[in-house]
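# Overview (structure and organization)
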Amino acid sequence: MSLPGGRSTNWDRVFRPRSVALVGVSGRPGHPMARPLEWLRDRGYAGRVLPVNPKHSELGSLPCHPDLTSVPGPVDLVLCLTPAENVVATVEAAGAVGAAAVVVFASGFAEVGAGGAALQADLVAAAHAAGVRVIGPNCQGLFVAESRLFATFSAAAARPLASASGIAYVGQSGAVGGSLLDLAAARGLDLSAWVSTGNQADVDLTEIGRVLVADPEIRVLAMYTESLPRGEDYVRLAVEARAAGTALVVLRSGRSETGRRAALSHTGAMLGDHPAFDLVSREHGVVLVDDVEEMLAAAALLRGQARPTGRRVAVLTSSGGAGTLAADRCADADLAVPELGAATQQALTALVPSFGAVQNPVDVTAQQFNDGGDAFARVCAIVRADASVDAVVVVLTMLVGETARALAADLARVVHDAPAGAPPLVVVWMAGEDATAEARRILTGAGVPVLSSVALAARVLGAAAPSRVASPVLGGAVPIAPGDGWDLLDRLGARTPAALRIETAEAAAEAVVKVGGRAALKAVAPGLEHKTELGGVRLDVTPDRAAAEAEDLFASVPGVRAVLVQEQVPAGVELLVSVTAPAEGWPGILTVGRGGTEVELHRDLVHALAPVSAETARALLSSLRCWPLLAGHRGTPPRDVEGAVAAVERISRAGRAPGVRELEVNPLVVGRSSAVAVDVLLDLDLPD
C-alpha cells in the first residue's frame, strides 16, 4: 500500500479526512453531483467541507472556491465531480495542494474503448507524478460511518445510516454495492464502511480490503469483484483477514481466461473457470457466495456468531413439511442432517409433544407455541449443545404478532447465553415481514440472521462451513530443472515403467525383451498428446510381434520420429493426476480423478492447491466417485491405495517446480501392489 517510489499511503487521510474538497460540485438542488456537499454538510461530518466551482462564490451556505489552489489550508481528500476531460487537471491540482487521494466519479475511461483507455492511462500517469492515489474512475465513491464521511452520490446513502454493524463493503460495481448498502440498512445492518472502486485505475479492491480488515471495528468484509485480482494480492488480503479475525465474504461475477491452459491436455479441457481463485479462497477461509442476498445473509451470520466448524446441521421447526424441505435443501448444499445423540433425544422428549419428532429434523409442532412459555428456546439450547451439531436452522411458519416477538426474545437469549464458539443459529421465517417486523429486529440485533428461504439458509451455511477436503499449501520451491516428463517424474520420486526409446522397427524385439518380455509400444511425435485416439499405442506386445507392430506405428502415425517401448503394467484402476500453474501469481492446481481415455466422459475430478500433503492426497482420492474401485468393490481386492497416495503427493510437488506450466499423468495405473505413471504430458516455460 504505497505510492510509486516507495512512499506509503496515509489511509487515515482518506477514511478520516480533516478536510474534503469537492471539485465541480453542482449547485442544482437534487442533482446527483450536489448530494456529497449536502450530506457532508448536514450529516455529522466534523471536518472542513470545501466546495470548488468557478461558477459560484457560495454553495450550500459555504464559501465556494474557483480552483483547488485557492482553497485555504491543507486538503486531505478530493472528490472529483467534473466530466472526464477535466479529471487529469484535477488530479494534478490535487497533487499541488498535497491531497492524499482523489475520488473520480466520472465515466468515459477504459470502459468505453480505446480512447477512454488512453485517457485512463493519462490519469494514472498524472496521479503517479502528483503523488496522489486515485479511487475510480467510474466509481460511486465511499462512505465511512465512524467519520460520517458521505463521499458518494449513490442514492442508497440517502438512508439515515445512523449506526454501524461491523460489516464493510468494497467492490468494483457501485450499483451492486448500492444495492447491498440499501438492503443492509433496510434490515437494520447499517454498513460501517462502503467503497466503490470502479475501473480501479490505481487503487484496487484488494488494497482497500487490506485497509478495512485491519480496522478492529470491522468484523466482516463483503467484497464484489468483476475481474480476478492479482493472485499475490488476493492471497495477501485473505491471509490478513484471517489473521485479524475478519470474515471475508466474496461475490465474483464474470469469467476470466486467466490460468486456463491452451494445451490439449485432459485437465486443460476441464479445469473450468479459474479454480485457483476458489481453491485459494477455500484454503484461507473465504466465504464464496453467488448473489447479493447470499452475501448479505453470510455477512449477517458471521458478524455476530461463530463460523460453523463442520457441515452437520440440526433443523428445528414447528412444521414437519418445512423440516423435510430444509433437510432436502441441506443435502443440495452438501450439508449433513445427522440423527441427534441419544442423550439429546431423551432430553427433548420432555419438551416435544409425543406426536412430534426429536431425531433431526426436530418437529416441536405448533402445539408447543400454543402452550406458551420458553419451551422452544430450551429445545434450541439442548440441540445446540449436541456434539454432532455444527449449525442450527430454525424454520418458523405463521408465527406472528406478540407470539413472534416473545419467541424472538427467547432465541436472542439462547444465542447471548451460549458459550463462545457455540454452533451458529439461523432463522428462516416463512411469514410476512410486516407481521414479524419486531421479531426480526430483535433477532438481527442479537446477531441472528433472519431469512425467508430454506434454500438460502442452506447455501449460506454451506458456503460458510469448511470444505470436506483441506489443502494445506506447503512452503518452498521444488529444486527441479526438468528435462522431459519422464525425467521430472523420476526426480519427483514417482514410479514409472521400465522403458526404451527406439528409432527403427528392427530394434523393437530386443527392447521388448529388455523391459520384461511384454510391452506397450507408443508412437513419439511432436504434438502427439493423446496417442490412443490416433492409433499410436499397441498393448501387450511380445518379442515375436514387436518388429511388425513398430513398423506399423512408423508407417501409420503422422510425424512419428521414434517409438517408446514401455514395460507392460498390469491392469488396474486408471487415475489422472495433473498439476497446472496458472498465471498472475496464482498457485499451482492439483487435479486428481478417474483417468484413461474416458476422462471427459466420467468427469470424476477434484482439485486442490499444489503441493499437498499425503493426508490431503488421501482425502482427495477418497472423495472421488471411483473410490470404491480403489478401496475394493463387491468382493474385488483393494488396490494399492498407499502407493496412489504417495504418487499424488509426489506429483503435486511439480506445482512449485520452476518452468512447469503443466504436468499431466494419465493414466496412473493403480494395481494390487503398485501405482505406476504410465503416460506423461509436460508443458514447459523455461527461459531460453
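Residues numbered from 1 in each chain as written. Predicted model: local features only at pLDDT ≥ 70, side-chain atom pairs only at ≥ 80, totals over all residues. Heavy atoms only, no water.

Below, the discussion takes up the overall build of the protein. On a plain count of helices and strands, the protein comes out with 24 helices and 29 strands. Based on the C-alpha atoms only, the size of the protein along its principal axes is roughly 100 × 75 × 35 Å. Out of the 688 residues belonging to the protein, those deemed buried represent 55%. Within the protein, counting contacts between residues at least 6 apart in sequence, those at least 24 apart form 71% of the total. (Helix = DSSP H or I, 4+ residues; strand = E, 2+ residues; numbered from the N terminus. Buried < 20%, exposed > 50% of the residue type's maximum accessible area, 1.4 Å probe, protein only. Contact = heavy atoms within 4.5 Å.)

This part covers the packing of helix 12 (residues 342–349) against helix 14 (residues 375–384). Contact pair helix 12 / helix 14: the axes reach a minimum separation of 10 Å and the direction vectors enclose 170°. Classified by the angle their axes make, helix 12 and helix 14 are roughly antiparallel. Counting all contacts with helix 12, which are made through Thr-344, Ala-347 and Leu-348, the residues of helix 14 involved are Val-379, Ile-382 and Val-383. (Axes fitted to C-alpha atoms, helices over the stretch in contact; angles between N-to-C directions. Parallel < 35°, antiparallel > 145°, perpendicular 65-115°, else oblique.)

With their axes 9 Å apart at the nearest point, helix 11 (residues 320–332) and helix 17 (residues 454–464) run at an angle of 35° to one another. At the point where helix 11 passes helix 17, the crossing takes the right-handed sense. Here Leu-325, Ala-326, Arg-329 and Cys-330 of helix 11 lie close against helix 17, whose contacting residues are Val-454, Ala-455 and Ala-458. Of the residues assigned to the contact of helix 11 with helix 17, the class counts are six nonpolar, no polar and one charged. (Left-handed = near helix turned anticlockwise from the far one by under 90°. Nonpolar A, V, L, I, M, F, W, Y, C, P; charged D, E, K, R; others polar.)

Strand order in this open sheet of five strands is 16-15-17-18-19, and the pairing throughout is parallel. Two strands close off the open sheet at either side, each with one partner strand: strand 16 (362–363) and strand 19 (450–451). By the bridge criterion, two bridges tie strand 15 (residues 313–317) to strand 16 in an arrangement that is parallel. Of the residues in strand 16, the one forming a bridge with Thr-317 is Asp-363. (Pairing = 2+ DSSP bridges.)

Our focus in this paragraph is the sheet that holds strand 10 (residues 167–171). Strand order in the open sheet made by the seven strands is 9-8-11-10-12-13-14, with mixed pairing throughout. Every other strand in the sheet has two partners, leaving strand 9 (149–152) and strand 14 (287–289) as the edge strands with one partner each. Across the sheet, the mean angle separating the axes of adjacent strands is 15° when strand polarity is ignored. Looking at chain direction, strand 13 (residues 247–252) and strand 14 are connected through three bridges and run parallel. What sits directly across from Val-250, in strand 14, is Leu-288.

What follows concerns the pattern of salt bridges. Evaluation of the coordinates by the stated rule reveals 31 salt bridges. The salt bridge partner of Arg-13 is Asp-76, with a shortest N-O separation of 2.7 Å. Separated by 63 residues along the polypeptide, Arg-13 in helix 1 (residues 12–15) and Asp-76 in the loop between strand 4 (62–63) and strand 5 (77–80) bring together distant segments of the chain. A relative accessible area of 1% means that Asp-76 is categorised as buried. Salt-bridge contacts for Arg-545 lead to Glu-549; the nearest nitrogen and oxygen are separated by 2.9 Å. With a gap of four residues between them, Arg-545 and Glu-549 both fall in helix 20 (residues 543–556), about one helical turn apart. Take Arg-545: its relative accessible area is 33%, and that puts it in the partly exposed class. Within the structure, one salt-bridge network assembled from shared partners comprises Asp-12, Arg-16, Glu-146 and Asp-215. (Salt bridge = Lys/Arg side-chain N within 4 Å of Asp/Glu carboxyl O.)

This brings us to the pairing of strand 21 (residues 519–524). Within strand 21, five of the six residues are buried, which leaves the element mostly enclosed by the surrounding structure. Summarising the sheet, strand 21 and strand 22 (residues 537–541) pair through three bridges and their orientation is antiparallel. Paired with Ala-519 across the two strands is Val-541, which belongs to strand 22. In terms of strand pairing, strand 21 meets strand 23 (residues 562–567) through six bridges, oriented antiparallel. Counted as the bridge partner of Val-524 is Ala-562 from strand 23.

Within the secondary structure layout, Ala-525 lies in the loop between strand 21 and strand 22. Once the C-alpha coordinates of Ala-525 and Gly-536 are considered, the two residues, eleven residues apart in sequence, prove to be 9.5 Å apart.

Moving on: the pairing of strand 27 (residues 660–670). Summarising burial for strand 27: ten of the eleven residues are buried, a large majority. Taken together, the seven bridges between strand 24 (residues 573–580) and strand 27 define a ladder with antiparallel strand orientation. Bridging across to strand 27, Leu-575 finds its partner in Leu-668. Bridging between strand 27 and strand 28 (residues 675–677) involves three bridges; their strand directions are antiparallel. Paired with Val-670 across the bridge in strand 28 is Ala-675. Once strand 27 ends, the chain turns through four residues before running back antiparallel as strand 28.

A word on helix 16 (residues 437–445). Those residues of helix 16 not exposed but buried are Ala-439, Arg-440, Ile-442, Leu-443 and Thr-444. Where helix 16 is buried, its residues touch helix 10 (292–304), helix 15 (401–417), strand 18 (425–429) and strand 19. Positive backbone phi, at 85°, marks Gly-447, one or two positions downstream of helix 16.

So, on to empty space enclosed by the protein. Tallied over the full model, the rule gives two cavities of 30 Å³ or more. As for the second largest cavity, its lining consists of Pro-308, Gly-310, Arg-311, Arg-312, Val-313, Leu-335, Asp-390, Ala-391, Leu-461 and Ala-465. Tallied by class, the residues present in the lining of the second largest cavity amount to six nonpolar, one polar and three charged. (1 Å grid on protein atoms, 1.4 Å probe; cavity = no way out; pocket = protein on both sides within 12 Å on 5 of 7 lines; lining within 4 Å. Points joined across faces, edges and corners; volume = space filled by probe spheres on them.)

Further remarks concern the packing of aromatic side chains. Applying the stated criterion across every chain, the model contains eight aromatic pairs. Here the aromatic rings of Tyr-169 and Trp-194 are separated by 6.3 Å at their centres, their planes lie at 25°, and the arrangement is stacked. Placement of Tyr-169 in strand 10 and of Trp-194 in strand 11 (residues 193–196) is noted, with a sequence separation of 25 residues between them. Since its relative accessible area comes to 0%, Tyr-169 is described here as buried. Taken together, a centroid distance of 4.8 Å and an interplanar angle of 25° make the contact between Tyr-234 and Phe-277 stacked. (Phe/Tyr/Trp six-rings, centres within 6.5 Å; stacked < 30°, edge-to-face > 60°.)

So, about helix 10. In this model helix 10 runs 19 Å from its N-terminal to its C-terminal C-alpha over 13 residues, within 8% of the 18 Å that 1.5 Å per residue would give. Burial analysis of helix 10 places eleven of its 13 residues in the buried class, the great majority of the element. Within helix 10, the full set of buried residues consists of Val-292, Glu-294, Met-295, Leu-296, Ala-297, Ala-298, Ala-299, Ala-300, Leu-301, Leu-302 and Arg-303. Backbone nitrogen of Glu-293 and a side-chain oxygen of the N-cap are separated by 3.2 Å at the start of helix 10; the cap is Asp-291. (Expected span 1.5 Å × (residues − 1). Polar contact = N/O pair within 3.5 Å; in protein donor to acceptor, adjacent residues only side chain to side chain.)

Here the protein shows a mean pLDDT of 89. Residues at 70 or above account for 92%. This model gives residues 472–482 a pLDDT under 50, and the stretch forms 33 contacts once residues within four places in sequence are excluded. (pLDDT = per-residue confidence, 0-100.)

Moving on, we get to the side chain of Ser-147. Inspection of the secondary structure puts Ser-147 in the loop between strand 8 (141–144) and strand 9. There is a polar contact of 2.8 Å between the side chain of Ser-147 and the backbone oxygen of Phe-15. Among residues more than four places away in sequence, those in contact with Ser-147 are Phe-15, Arg-16 and Tyr-45.

Turning our eyes to something else, we now look at unusual backbone geometry. Omega for the peptide link from Gly-136 to Pro-137 comes to -5°, which places this bond in the cis form. Relative to the helices and strands, Pro-137 is located in the loop between strand 7 (133–135) and strand 8. Cis rather than trans, the peptide bond between Ala-610 and Pro-611 has omega equal to 0°. On the secondary structure map, Pro-611 appears in the loop between strand 26 (605–609) and helix 22 (614–622). For Asn-138, which is not glycine, the phi dihedral falls at a positive 60°. At Asn-360, a position not held by glycine, the phi torsion is positive, near 135°. Among the structural elements, Asn-360 can be located in the loop between helix 12 and strand 16.

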